[in-house]
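# Notes for the structure review
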Amino acid sequence: MKNYLFESFKNMFPCDSELANCRYFSPDKKFMKDGYSGIEVQNLNVYIRDNQILKNIDLSIPDKKITCIIGPSGCGKSTLLRTFNRLTDDVEGVKRSGKILINGENILDDNYDITELRRIIGLVSQRPCPLPMSISDNIAYGCKIHGIKNKKQLSAIVEFYLKAVGLWDEVHDRLMSPATKLSIGQQQRLCLARSLAVEPQFILADEATSSLDPASSRNIESLFVKLKNEYSIILVTHILQQAIRIADYVIFMYLGEIIEAGEKEEIFCNPKNKLTKEYISGSFS
Amino acid sequence: MKMKLKKTKNYEEIIIKLIMYASTITVFLALACIIYTITAQGLKALSWGMISKLPSGGFYIGKEGGILNAIVGSVYIVGASTIIGLIISIPIVFYLNIYLRKNSKLAYASRLSFDVLFGIPSIVYGAFGFILMVFLGIRASLLGGIITITLLIIPIFVRSIDEIAREFPHDIIDASYSLGATKFETMKVVIRQLSPGIATATLLSVGRAIGDAAAVMFTAGYTDQIPYSLAQPAATLPLAVFFQLSSPIEEVRARAYAAALILTLIVLIFSLSGRLIMNNFSNNKLK
Amino acid sequence: MLFLTILSIVLVLIMGIGLYMKSSPIITANSLCKLLSGTSWSPIRGQFGFFPFIIGTIWVTGLAIIFALPISFFTASYLTEYAKPFIKRFVFPTLDILAAIPSVVYGVWGTLVIVPLISKKIAPFFTSFSAGYTVLAGGIVLAIMILPLLISLLLEIFSSVSADLRETSLSLGATKWQTAKYVVCRKTMPGIVASVVLSISRALGETIAVLMVCGNRVIIPHSVLDSCYPLPALIANNYGEMLSMPLYEAALMFAALILFIVVLLFNLASRMIIYKLEKENQ
């Protein structure tokens with residue numbers, strides 16, 4: 001099924017590979033329907049060892065926009081992100097209540113297929129973590145574990161996404177060399193390409209540019225801006241300027257609660273809550 | 001395609017999980033089986049007479065008596081070896097950690113040698129001990145056993161104590177020197193600080209040494225009697241098991257089972273208490 | 001104190017030299033090649049072919065590793081990836097106890113349990129009669145003896161893989177087993193190899209337990225149900241008659257020398273692998 005999604009994606013990042021025309025993972029049935037195609041959080045509470053980390057979170061994350069979650073350290077931003085892809089399941093002593101609806105289904109349900117969830121939600125973390133393999137194996141890893149075995153398809157996918165993040169020109173001659181030999185900016189782009197290769201709907205970025213130099217940071221930021229046409233991007237950041245630069249929708253969190261959420265202009269120009277005002281003006285961070 | 005993928009992933013997951021459970025259970029089962037067998041056979045043979053009498057009529061064919069010879073022999077050999085081993089090992093560890101700088105080549109070579117010595121099988125220690133004894137003109141006796149077990153036990157001591165001593169903060173040593181203490185007095189301070197670690201190492205080493213048969217085979221000999229001088233052969237618990245197990249006479253075999261049970265109990269008590277002290281020690285460590 | 005510290009290095013050298021000197025009579029009498037590959041063993045006639053013993057050692061040790069490696073690997077994987085913490089509290093003491101049990105006691109257990117098992121239950125499928133004292137018995141007992149070492153080494157290695165790496169793999173949608181198979185294994189392969197090498201060197205030297213169950217017949221085993229005669233058993237069984245025949249003592253010392261050198265080489269090999277590993281990580 002030729003997907004309109006990929007057509008427009010191809011136009012953004014021109015590439016020669018014919019095989020990239022096909023989509024390898026059949027999209028979720030509900031993806032095309034009416035109804036909310038972002039993430040809807042209903043009354044989420046997360047406790048880790050009797051400490052309440054997230055309190056009564058109610059949010060709607062818009063589809064195909066860049067959403068920035070801002071707030072001081074320790075306010076639960078990372079925990080919220082990691083609850084979206086259920087990495088918090090493995091933490092000792094964790095207790096959750098509430099719902100997170102993606103494509104109309106509650107992903108916190110015990111019967112929900114976690115591996116499929118993690119395919120449609122990609123995570124780019126603060127410190128780039130290349131797997132102990134070659135560059136092309138890194139990108140192909142996600143596809144391999146979800147069942148794509150054809151070597152031709154895999155190499156087409158690798159080429160496509162390396163071009164998409166702008167790494168192709170830099171590494172095309174050493175695809176088999178270990179990924180750990182790349183610079184840190186290149187590694188972060190590699191991690192992004194790796195997450196994209198499994199065709200997610202959402203990309204979560206947990207302070208994705210904190211470990212990078214300014215040039216690489218700008219690089220990643222412009223990639224996010226390009227990508228938001230096809231993916232919903234949720235960024236956690238403690239750099240307010242970054243939010244101002246690229247966000248469409250902003251959520252301010254403090255001590256595990258959502259204080260205020262809205263369009264970027266509203267939050268930064270007309271914050272309604274006193275805490276938000278103080279945070280934005282730099283009274284605390 | 002989505003449904004098919006899920007299924008194949010599931011089959012592999014299920015099989016692997018089964019294999020994992022089976023492997024872990026095998027470990028538990030093996031231990032349970034060993035403990036049960038030894039206890040079942042050993043308890044049948046165990047009695048007060050067993051541990052307080054010597055075998056009468058020759059250890060291989062005599063029906064009466066117990067294994068006192070082996071118990072006392074083991075205690076003598078391992079006791080003496082432990083004391084001598086400690087006297088030799090503690091200065092070595094002290095020297096390695098306090099005198100020599102951390103990156104010194106001598107320290108590296110020495111530690112490497114101790115690691116090598118740690119890995120050498122006890123039969124080779126037995127053979128070497130035998131060579132030493134021939135060289136020194138000693139026959140298979142208590143002394144020979146002590147020498148060999150001491151050689152066996154020193155690398156174990158050094159390795160265990162060294163591991164703990166490496167994390168020892170040097171500030172205490174500097175403080176001691178700056179108060180005008182001599183090297184010997186400083187060493188006493190260090191020893192007191194390390195004493196839980198030394199105790200653990202001792203318990204673990206004793207557990208290892210008392211159960212070793214191959215090293216004493218050539219060097220300590222075997223006898224029905226309790227040795228009253230260093231030149232006499234000594235019986236040991238492991239050899240008591242080994243030599244008496246294959247006897248055609250039921251009572252002799254019973255002595256072997258009893259010896260095996262006692263040996264296991266002693267070793268377990270020593271090793272487990274060593275681990276307990278180690279765990280407690282690391283909870284209270286000075287940081 | 002300096003003297004005592006140098007003692008260790010000196011001791012290793014003295015051991016090697018001492019064993020060599022004691023075995024030199026037999027090395028000068030026969031060429032090294034003939035000694036290691038000769039198949040007939042008859043001390044009375046002055047024939048010392050060590051091949052059956054070397055092969056016996058290889059059979060038993062090889063079998064032990066074949067049994068122990070999968071069990072250790074899957075147990076260690078299970079404990080690091082899947083198991084809830086309270087299971088670890090049971091496993092560690094179990095491993096400690098297994099490691100502490102003396103070799104003789106394993107031998108007794110092998111004689112009482114494994115040998116009859118083979119004789120009555122396993123052998124009838126394959127051959128007409130077997131007393132049970134076989135390579136298989138030695139392999140099984142030896143495998144259980146090296147399990148604690150191998151499991152704790154593998155556990156240490158698997159736990160040293162950073163949580164970030166595991167999370168990265170999991171957040172791409174991999175299952176825990178896929179993470180273990182493709183990521184953890186790849187990362188720790190040198191460590192796994194070093195652990196196996198170390199375990200082999202420990203298994204090679206195990207004397208008493210194997211001796212009690214392996215049959216002690218000077219033959220070249222052709223199947224796991226044959227008896228065998230590993231090198232350590234050779235030394236331990238015959239030390240009593242050592243001095244009665246010329247060259248017999250030298251022959252046994254030569255066997256000890258072989259063991260010493262092989263264990264030394266394996267030990268150094270595993271260190272080199274670990275050293276390379278640490279260099280790569282930096």
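Nothing here was measured: the structure is a model prediction, and the numbers come from that model.

## Brief notes about the overall build of chain B
If you tally the helices and strands in chain B, you get eleven helices and zero strands. Its helices and strands taken in sequence order, chain B reads α-α-α-α-α-α-α-α-α-α-α from the N to the C terminus. A principal-axis box enclosing the C-alpha atoms of chain B has dimensions of 75 × 65 × 35 Å. In chain B, which comprises 287 residues, the share counted as buried stands at 47%.

## Notes on the environment of Phe84(A)
Residue and element names in this part refer to chain A. Following the sequence through the fold, Phe 84 ends up in helix α2 (residues 77–84). For the pair Phe 84 and Gly 104, spaced 20 residues apart in the sequence, the C-alpha separation amounts to 14 Å. Ignoring anything within four residues of it in the chain, the contact list for Phe 84 reads Ile 39, Ile 100, Ile 121 and Leu 204.

## Here's the deal with the sheet that holds strand β2 (residues 51–61) of chain A
Residues and elements named next belong to chain A. In spatial order, the strands read β2-β1-β4-β5; together these four strands make up an open sheet with antiparallel pairing. Each edge of the open sheet carries a strand with a single partner, namely β2 and β5 (105–106). Inspection of the sheet shows strand β1 (residues 39–48) paired to β2 by seven bridges, in the antiparallel sense. Across the sheet, the residue bridging to Val 46 is Leu 54, located in β2.

## Points about the packing of helix α5 (residues 122–136) of chain B against helix α6 (residues 142–165) of chain B
Between two packed helices, what matters for the description is the angle formed by their axes and the separation of those axes. Residue and element names in this part refer to chain B. Where α5 meets α6, the closest approach of the two axes is 9 Å, and the angle between their N-to-C directions is 135°. When the axis of α5 is compared with that of α6, the two are oblique. Note on packing geometry: the crossing formed by α5 with α6 is right-handed. Side by side, α5 and α6 meet where Ser 122, Tyr 125, Gly 126, Gly 129, Leu 132 and Met 133 of the first sit next to Gly 144, Ile 147, Thr 148, Leu 151 and Leu 152 of the second. Split into classes, the residues belonging to the contact of α5 with α6 amount to six nonpolar, five polar and no charged.

## A closer look at the interface of chain B and chain C
Tallying the contact residues gives 56 residues for chain B and 52 residues for chain C. The set of elements that each furnish at least two residues to the side of chain B that touches chain C consists of α1 (2–45), α3 (68–99), α4 (105–119), α5, α9 (214–217), α10 (237–245) and α11 (250–283) of chain B. For the side of chain B that touches chain C, the element with the highest residue contribution is α1(B), accounting for 17 residues. Counted by class, the side of chain B that touches chain C contains 40 nonpolar, 13 polar and three charged residues.

## Some thoughts on helix α4 (residues 135–145) of chain A
With nine of its eleven residues buried, α4(A) lies for the most part within the structure. Listed in full, the buried residues belonging to α4(A) are Ile135(A), Ser136(A), Asn138(A), Ile139(A), Ala140(A), Tyr141(A), Gly142(A), Cys143(A) and Ile145(A). Contacts from the buried residues of α4(A) go to α5 (151–164), α6 (168–171) and α7 (184–196) of chain A together with α8 (176–205) of chain C. Directly after α4(A), the chain includes Gly147(A), whose backbone phi takes a positive value near 110°.

## Things to note about unusual backbone geometry
One non-glycine residue, Leu255(A), lies in positive phi territory at about 50°. Position of Leu255(A) relative to the elements: it lies in the loop between β9 (249–254) and β10 (257–263). Residue Leu255(A) is classed as partly exposed on the basis of its 14 C-beta neighbours within 10 Å. At Asn216(C), a position not held by glycine, the phi torsion is positive, near 55°. You can see Asn216(C) is positioned in the loop between α9 (208–213) and α10 (231–238).

## Things to note about the nonpolar core
Residues and elements named next belong to chain C. In this structure, Ala 255 and Ala 256 are the most contacted members of the largest nonpolar core, which totals 258 residues. If one sorts the elements of this core by residue count, helix α6 (residues 135–159) sits on top with 18 residues. For Ala 255, the contacting residues outside a window of four places in its chain are Phe 50, Phe 53, Leu 231, Leu 234 and Ile 235.

## Details of α7(A)
Residues and elements named next belong to chain A. Taking 1.5 Å per residue, 13 residues should reach 18 Å; α7 reaches 18 Å between its end C-alpha atoms and fits that length. Among the 13 residues in α7, twelve count as buried, and that is most of the element. Within α7, the full set of buried residues consists of Gly 185, Gln 186, Gln 187, Gln 188, Arg 189, Leu 190, Cys 191, Leu 192, Ala 193, Arg 194, Ser 195 and Leu 196. Against the buried residues of α7 lie β6 (121–124), α4, α5, α6, β7 (202–206) and α8 (214–227).

## Topic: the sheet that holds β10(A)
All names here are of chain A. Pairing within the open sheet is mixed, and its six strands lie in the order β6-β7-β8-β3-β9-β10. Edge positions in the sheet fall to β6 and β10, since each of these pairs with one other strand and no more. The mean angle between the axes of side-by-side strands here comes to 15°, regardless of whether they run parallel or antiparallel. Pairing geometry for β6 and β7, over four bridges, is parallel.

## Thoughts on the pairing of strand β4 (residues 94–102) of chain A
Residues and elements named next belong to chain A. Of the strand pairs in this sheet, β1 and β4 are connected by eight bridges, and their pairing is antiparallel. Paired with Ile 48 across the strands is Val 94, a residue of β4. Linkage of β4 to β5, two consecutive antiparallel strands, is achieved through a turn of two residues, within which Asn 103 is found at a positive phi near 55°.

Conventions we followed
Residues numbered from 1 in each chain as written. Chains lettered and ligands numbered in written order. Predicted model: local features only at pLDDT ≥ 70, side-chain atom pairs only at ≥ 80, totals over all residues. Helix = DSSP H or I, 4+ residues; strand = E, 2+ residues; numbered from the N terminus. Buried ≥ 20, exposed ≤ 12 C-beta atoms within 10 Å, placed from the backbone. Contact = placed C-beta atoms within 7 Å. Pairing = 2+ DSSP bridges. Axes fitted to C-alpha atoms, helices over the stretch in contact; angles between N-to-C directions. Parallel < 35°, antiparallel > 145°, perpendicular 65-115°, else oblique. Left-handed = near helix turned anticlockwise from the far one by under 90°. Nonpolar A, V, L, I, M, F, W, Y, C, P; charged D, E, K, R; others polar. Core = buried A, V, L, I, M, F, W, Y, C linked by C-beta atoms within 7 Å. Expected span 1.5 Å × (residues − 1).

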